[in-house]
Structures are given as C-alpha cells and as structure tokens.
Amino acid sequence: QVQLVESGGDLVQAGGSLRLSCAASGRTFGSYRMGWFRQAPGKEREFVSAISLVSFSTTYADSVKGRFTIAMNNAKNTVFLQMNSLKPEDTAVYYCAGDARSGVDTIRALTSWGYWGQGTQVTVSS
C-alpha cells in the first residue's frame, strides 16, 4: 500500500507563486508515476500534471503549461509542483496521485490513478 500526503497549500495573490509537496511512503513498484489533480467547488476533479518515476517524462494540462513545473527528489519519494503566475481560476483543492500501471488509456483520466492523497487547499485572490 502507498500513502500520499500533500502540503504547501496557502492563500496567495494573483501573480504569486506557491510550491506544493507530496510525500510518498509504503510499498513502491517498478513501474510507477505520480501527478497532480485539482478540484474546484462544484466541479469535477481535473488533471494538472504528471511525471514518470522511471523515464522522468512530464505532462501538463494546457491550462498550466508555462506556469507550473512538476519535479521529484533524488530518492523518488517526494514530488513537487512549482506554481508560478497564479490566477484566480487556479483556486482549488490540489490532490497528489500515484499509479503502478505501466500503460493506461490516458493519464488524464481519474480511473488511471490508484492512489490519492487527501488534498491541500490553494486559494488565489484577485
């Protein structure tokens, strides 16, 4: 079993920056990826970014390209999301996610991810 714990959420002004962290513990797998989703009140949880723990390849939603950066530490037990030029529409609960499957239909789908953190609140004021 894998446990994921997010941290770093806060209240910031539009144009500001924030860094989220996701600490992973428990059993890991040879084929593994981690990523971030977000969910605004009354809306469906949506894909933000993902990174492969094997190839280090990254993927971003169009809405955050050029502003957000995903990365991991050398031990591969912590994933970060650096968020710059924040906008009010970035306001949401941000969830860390992980999965051991090597191939899925799309990493943007909720069903492609097996492990979830409990979320951290990001609020961007204008």
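Please refer to the structure higher up on the page.
The structure contained in this document is the topic of the report that follows. Fair warning: this is a prediction, and the values are worked out from it, not measured in the lab. (Residues numbered from 1 in each chain as written. Predicted model: local features only at pLDDT ≥ 70, side-chain atom pairs only at ≥ 80, totals over all residues. Heavy atoms only, no water.)

Moving on: the layout of surface pockets. For the largest pocket, the calculated volume is near 190 Å³. Lining of the largest pocket is provided by 15 residues; of these, Tyr32, Arg33, Ser52, Arg101 and Ser102 occupy positions nearest its centre. Listing elements by their share of the lining of the largest pocket, those giving two or more residues are strand E5 (46-52) and strand E6 (58-60). Considering every element that reaches the lining of the largest pocket, the biggest residue donor is E5, with 3 residues. (1 Å grid on protein atoms, 1.4 Å probe; cavity = no way out; pocket = protein on both sides within 12 Å on 5 of 7 lines; lining within 4 Å. Points joined across faces, edges and corners; volume = space filled by probe spheres on them. Helix = DSSP H or I, 4+ residues; strand = E, 2+ residues; numbered from the N terminus.)

Membership of the largest hydrophobic core comes to 32 residues, with the highest contact counts inside it found for Leu20, Met34, Trp36, Phe68, Leu81, Met83 and Tyr94. Of all the elements in the fold, those that place two or more residues in this core are strand E1 (2-7), strand E3 (18-26), strand E4 (33-39), E5, strand E7 (68-72), strand E8 (78-83), strand E9 (92-99) and strand E11 (120-125). (Core = buried A, V, L, I, M, F, W, Y, C linked by side-chain atoms within 4.5 Å. Buried < 20%, exposed > 50% of the residue type's maximum accessible area, 1.4 Å probe, protein only.)

Okay, the pattern of salt bridges next. Enumeration according to the criterion identifies 6 salt bridges in this entry. We note a salt bridge from Asp99 to Arg33, for which the minimum N-O separation is 3.3 Å. Residue Asp99 is found in strand E9, and its partner Arg33 is found in strand E4; the two are separated by 66 residues along the sequence. Side by side, Asp99 and Arg33 carry an identical accessibility label, which is buried. As a salt-bridge pair, Asp90 and Arg38 come within 2.9 Å of each other at their nearest N and O atoms. Separated by 52 residues along the polypeptide, Asp90 in the loop between E8 and E9 and Arg38 in strand E4 bring together distant segments of the chain. One salt-bridge network, in which partners are shared between bridges, spans Arg38, Glu46, Arg67 and Asp90. (Salt bridge = Lys/Arg side-chain N within 4 Å of Asp/Glu carboxyl O.)

Read these as layout, nothing more, since geometry by itself doesn't imply function.
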